[in-house]
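Here's the letter readout for the chains.
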Amino acid sequence: MDAMKTNIFHRALPTFLEDRAYLTRPRVDTLIEEAVKHPYVTVSAGLGCGKTQAVYSFLQTSGVPAMWMQLSPRDNDSARFWDGLARTAGDYNPKIASRMRDVGFPDTDELYAKVLSIPEEELDAERKHIFVFDDFHVIEDPDILRFFKRVIQSPFPNISLIIISRADPTIGMVGLLSKGLLANINEADLRFTEDETAQYFRLLDVDLSAESLANIYNDTEGWPFALSLIGLSLKKDPANERNARTAMKLNIFQMIDEEVFSVVSERLRRFLIGLSLIDKFSTSLVSILADDERIIGEMGKINSMIHYDIYLHTYIIHRLFLDYLRQKQDLLSESEKKLIYSKAAQWCDENDYKMEAVSYYEKAGNYKAIINIVYNFPIQVPYEQAVYVLDIYSRGPAELLENIVPYHLQHARLLLSIGRYEDAVNELQSRIAKYSALPPSDFNNQVLCGAYTALGITNYLMLPLTGDCEFDVPMEKAYRYYELSPYDESGSVTSISIDAWASKVGTTRQGAMEEYIAALSRAVPYAMSVLNGFMYGLDDLAQGELLFYKNDLKNAGKFFMQAAHKAETRGQHDIRNRALFYLLRSAAAQGDFDKVQETLRRLGEQLEMREYLDRFITFDIVSAWYYALIGQTALAAGWMKESFSFTSNCFNSDFSNCVRMRLHYTDKQYHELLSFINSVRGRDAILLENLEIKVMEAVCEYHTKDRAAAIYALREAYDMALSNGLVTPFIEFGKDMRTLTAAAMRDVECDIPREWLEMINRKSATYAKRVSYIVSEYNKANNIDNSVRLSPREMEILYDLYHGLTRSEMAAGHDLSVNTVKLVLNTIYAKLGADNVADVIRNALDLKLL
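Residues numbered from 1 in each chain as written. Predicted model: local features only at pLDDT ≥ 70, side-chain atom pairs only at ≥ 80, totals over all residues. Heavy atoms only, no water.

Brief notes about the overall build of the protein chain
Alright, step 1. Secondary structure assignment for the protein chain yields 45 helices and seven strands.
Alright, step 2. Considering only C-alpha atoms, the protein chain reaches an extent of 100 × 95 × 65 Å along its principal axes.
Alright, step 3. Buried residues in the protein chain amount to 55% of all 850 residues.
Alright, step 4. If you take every contact in the protein chain between residues at least 6 apart in sequence, the share linking residues at least 24 apart comes to 71%.
Alright, step 5. Surface accessibility of the protein chain: about 37,900 Å² in total, with carbon and sulfur atoms responsible for 50%.
Alright, step 6. Treating the 92 positive side-chain charges of the protein chain as one cloud and the 117 negative ones as another, the clouds have centres 2 Å apart. (Helix = DSSP H or I, 4+ residues; strand = E, 2+ residues; numbered from the N terminus. Buried < 20%, exposed > 50% of the residue type's maximum accessible area, 1.4 Å probe, protein only. Contact = heavy atoms within 4.5 Å. Areas by Shrake-Rupley, 256 points an atom, 1.4 Å probe, with all protein chains shown as cover. Lys, Arg positive; Asp, Glu negative; His and termini not counted. Charge placed at Lys NZ, Arg CZ, Asp CG, Glu CD.)

Here is the structure:
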């Protein structure tokens, strides 16, 4: 059988395998070995990736009976195809060939049923068989494609069908993946890794530096054909790596000239050069740029360099082909290039690739479109994006930009987003002075409106540093200019970005938070008028937040509901998100599981709002808080469980870090938490953030057995909270705060008022019980058995601990060693989630184990 198989393969393989030094990536055999455990296998990649060689190599060593049919364009005739398939099958099994010829090409259901019975009756059912169809991409005949579509609907348990193609077969195979019937080996699987590339050159006895290897890999991206060309050159001249790379490119470019570019139409050539201007090749964008399905059809025939990925719905263009095309971009006129950039930019904008759209619009020279995109960015633009857009504006025509009204607001806003506060303020004051001195006009009024608006927003965002609550004054001036010369903002919504807290107050001074809320109440009507809804609901959110931190949950809830409703009506997504977050925390504090679930559902609704750019991030953050609450941190988004991140924005307190602290705390990562807390100590931040961090520090120190440091931090937190009556951050630590406050009351050196400690102790205990109910209901709803079970030995030791016995007494009473008692106690501590004896006894009593 092996001799016959080898004979078939050598006759069927294309001659280029004998003429050219094609490589196969190491360990591809293993990939194919795993793949043929499925009924169907596709090996799809462009020219020179070693598809055929890889499958051939595997079959030569596997010992699996195999039939190989090499397809050609001439097989696009059902009769010829069937005759060729029968001849190939005849080498494999003469009876199969004879029966196939008797039936003929199966173009009816009746004939196909007869064909289907042939392998069932003629093949050894106890053995594995492999049928290979190589160069499947050349088949276009609808009858033959229909035959293969039927084949994949009838899998045989002992037959694997391997299809080798330069493009993913269009015979309905996508659905087979989800059913576990298909394995796909693609170009990425066939490319060499960096390590494999180094290994290849070592096998050739070619000594290359790390830099040379990196250059070669960067040029080839592990493409076997390109690596083989470089390998041949270096064998002749090992010292000239640069020439080898150049020769490789020249050889490939010559091959592209001869085998690809010279055989396509002039129209397709210009289209392909145009594609090299961009770096996204989605099906819809390529169709827009082509504007003619005939070009797409012709492009499909050069699949050696352009591969359509049916799973990603995008075109994969070989990097070296792109390099070849980019060398010819000068053949396009400037107007042709700008048209391509404009179409690509519009597509990117419509598909939420905002920064790519900005880049393409710059190349198209459409700065007004850039400003329109940036206008709808969050007020606090992410640092990297702000830097990028500022660079574009610095390169742009100043006279043109100055004549676009929103630019005057945007430039200062971008400066602020990268922490250049003084530059932003100076620029705005200069702009205000310049345009105030000019004769009144609609344009000048609109510029002044934008400048005063930006100044008001700047003062608002910098409040933690300045303490200045008069940000409403420039907002009012902006509104007055807006009344004089309103401008059309139909369809544009400026949504405010807020951090974990609505408050911007950095001082502990009594009354400062109420002053801030009053200023917000004055500023919001002006801001929402000038910027089409901007800030709407923020004053209600801030009022509710203050009441929430004072533990007045009932009245806080009313403001949160108002804030959520207002924000929803005017597209203020962050405000709605934070309002719902507070409602979630309130529902948990009240032990209302149904309200918790309803609030989570409402938060999930925001995932459908495409205009809310941060919707997935904020949902991950809020849901992570909930998973920390119920002890299911494994369900939190992976990125939320990573180390703490730091923002470049000086005013950004980072919502994610606020919740990430809770995840770390639930997972008992106290030392990492304390390290983070030390890293942010002393920075300018808002009062609520500082308070949350200080309370976290206190409970973490207690868990690490540093009781003195814990009580000291608790005292500092008490001092922060006292003047404004803030208590919720303490209460939300439940049983851990109950333990800490009890320890503080026993400490004779602690000078925190006992009345306050008793109040926090009592409210924390109540909170713990209500959260315990939430956890219980969650577990019931999700069929989670979270009961604690102790072994008989563990119960005996638990009772001894409850009655105050020492470890030595326990050991003597049960005829155990002291070390064994220690091990049992450690197990009890772990099962009960306890850090000390008091925790063990309390948790055991709560669970009715005692």
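With respect to the sheet that holds strand β1 (residues 40–44)
Alright, step 1. Ordered by their spatial adjacency, five strands build an open sheet running β2-β3-β4-β1-β5, and the pairing between neighbours is parallel. The open sheet has two edge strands, β2 (66–70) and β5 (182–185), and neither has a second partner. Each adjacent strand pair in this sheet contributes to an overall mean axis angle of 15°, direction not counted.
Alright, step 2. Pairing analysis gives five bridges linking β1 to strand β4 (residues 159–165), with the strands arranged parallel. Note on β4: the bridge partner recorded for Thr 42 is Ile 163.
Alright, step 3. Contacting β2 and β3 (129–134), helix α5 (residues 78–92) crosses the sheet at an angle of about 150° to β2. (Pairing = 2+ DSSP bridges. Axes fitted to C-alpha atoms, helices over the stretch in contact; angles between N-to-C directions.)

Focus: a nonpolar patch on the surface
Alright, step 1. On the surface, Tyr 799, Tyr 802 and Leu 845 cluster together into a nonpolar patch covering about 290 Å² of accessible area.
Alright, step 2. Of note, Tyr 799 is situated in helix α42 (residues 792–802). (Patch = residues over 30% accessible without salt bridge, like charges linked within 9 Å, V, L, I, M, F, W, Y side chains within 5 Å. Salt bridge = Lys/Arg side-chain N within 4 Å of Asp/Glu carboxyl O.)

Re the packing of aromatic side chains
Alright, step 1. Counted under the stated rule, the structure contains 39 aromatic pairs.
Alright, step 2. Each ring, one from Tyr 549 and one from Tyr 582, has its centre 6.4 Å from the other, and the planes form 75°; the classification is edge-to-face. Of this pair, Tyr 549 sits in helix α30 (residues 538–549) while Tyr 582 is found in helix α32 (residues 573–589), placing the two residues 33 residues apart along the sequence. A single burial state applies to Tyr 549 and to Tyr 582, both of which are buried.
Alright, step 3. By way of ring pairs, the aromatic residues Phe 81, Trp 82, Phe 105, Tyr 112, Phe 133, Phe 136, Phe 147 and Phe 148 are connected into one cluster.
Alright, step 4. When the ring centre of Tyr 353 is taken as reference, the NZ or CZ atom of Lys 280 above it lies at 4.1 Å.
Alright, step 5. Residue placement shows Arg 662 over the ring face of Phe 733; its charged tip is 4.1 Å from the ring centre. (Phe/Tyr/Trp six-rings, centres within 6.5 Å; stacked < 30°, edge-to-face > 60°. Lys NZ or Arg CZ within 6 Å of the ring centre and 35° of its normal.)

Examining the environment of Gly 456
Alright, step 1. Among the structural elements, Gly 456 can be located in helix α26 (residues 442–461).
Alright, step 2. Residue classification places Gly 456 among the buried positions, given a relative accessible area of 0%.
Alright, step 3. Spatially, the C-alpha atom of Gly 456 lies 4.9 Å from that of Phe 471, the residues being 15 residues apart in sequence.
Alright, step 4. If near-sequence neighbours (up to four positions away) are discounted, Gly 456 is found in contact with Phe 471, Pro 474 and Met 475.

With respect to the pattern of salt bridges
Alright, step 1. Going through the model one piece at a time under the given rule, you end up with 44 salt bridges.
Alright, step 2. Salt-bridge contacts for Arg 191 lead to Glu 187; the nearest nitrogen and oxygen are separated by 2.5 Å.
Alright, step 3. Assessed through its relative accessible area of 13%, Arg 191 is described here as buried.
Alright, step 4. The buried category is assigned to Glu 187, whose relative accessible area is 11%.
Alright, step 5. When the shortest N-O distance is used, the salt bridge between Arg 793 and Glu 796 registers 3.5 Å.

Here's the deal with the packing of helix α22 (residues 383–395) against helix α24 (residues 405–417)
Alright, step 1. Following both chains from N to C, one finds α22 and α24 inclined at 135°, their axes separated by 9 Å at the closest point. With respect to their mutual orientation, α22 and α24 come out oblique. Once α22 is placed against α24, the crossing between them reads as left-handed. Every residue of α24 that contacts α22 at Tyr 383, Ala 386, Val 389, Leu 390 and Tyr 393 is listed here: Tyr 407, Gln 410, His 411, Leu 414, Leu 415 and Ser 417. (Parallel < 35°, antiparallel > 145°, perpendicular 65-115°, else oblique. Left-handed = near helix turned anticlockwise from the far one by under 90°.)

What to know about unusual backbone geometry
Alright, step 1. Unlike most non-glycine residues, Glu 221 shows phi in positive territory, near 55°.
Alright, step 2. With respect to the helices and strands, the residue Glu 221 is situated in the loop between α12 (210–220) and α13 (224–236).
Alright, step 3. With relative accessibility at 31%, the residue Glu 221 sits in the partly exposed group.
Alright, step 4. Backbone geometry places Asn 532, a non-glycine residue, at a positive phi of 55°.

Observations regarding the side chain of Glu 732
Alright, step 1. Examined against the element boundaries, Glu 732 turns out to sit in the loop between α39 (728–731) and α40 (734–746).
Alright, step 2. Apart from the residues within four sequence positions on either side, Glu 732 is in contact with Phe 548, Arg 585, Trp 625, Arg 662 and Tyr 767.

Overview of α24
Alright, step 1. For α24, a buried count of twelve out of 13 residues is recorded, marking the element as mostly surrounded by other parts of the structure.
Alright, step 2. Within α24, the full set of buried residues consists of Val 405, Tyr 407, His 408, Leu 409, Gln 410, His 411, Ala 412, Arg 413, Leu 414, Leu 415, Leu 416 and Ser 417.
Alright, step 3. Those residues of α24 hidden inside the fold are in contact with α21 (367–375), α22, α23 (398–402), α25 (421–436) and α26.
Alright, step 4. Within two residues after α24, Gly 419 carries a phi angle of roughly 85°, on the positive side.

Topic: the confidence of the model for the protein chain
Alright, step 1. Looking at the protein chain, pLDDT values average 87 and 94% of them are 70 or higher.
Alright, step 2. Taken together, the stretch residues 1–22 has pLDDT below 50 and engages in 42 contacts with residues farther than four places along the chain or on a different chain.
Alright, step 3. Of the regions scoring below 50 in pLDDT, residues 648–653 engages in 21 contacts with residues more than four places distant in sequence or in other chains. (pLDDT = per-residue confidence, 0-100.)

What about the nonpolar core?
Alright, step 1. The biggest cluster of nonpolar side chains holds 243 residues, and the ones touching the most others in it are Leu 272 and Tyr 626.
Alright, step 2. At eleven residues, helix α29 (residues 512–530) tops the list of elements feeding residues into this core.
Alright, step 3. Within the second largest apolar cluster, 35 residues are counted, among which are Met 67, Leu 123, Phe 156 and Leu 176. (Core = buried A, V, L, I, M, F, W, Y, C linked by side-chain atoms within 4.5 Å.)

Observations concerning the side chain of Lys 694
Alright, step 1. Relative to the assigned elements, Lys 694 resides in helix α37 (residues 687–703).
Alright, step 2. Residues contacting Lys 694, with those up to four places away along its chain left out, are Arg 681, Ala 713, Glu 716, Ala 717 and Met 720.

A word on the pairing of β1
Alright, step 1. By the criterion of burial, β1 is predominantly enclosed, with five of the five residues buried.
Alright, step 2. Neither face of β1 is left uncovered, since the one carrying Tyr 40, Thr 42 and Ser 44 and the one carrying Val 41 and Val 43 both have all their residues buried.
Alright, step 3. Of the strand pairs in this sheet, β1 and β5 are connected by four bridges, and their pairing is parallel. Across the sheet, Tyr 40 pairs through a bridge with Leu 182, a residue of β5.

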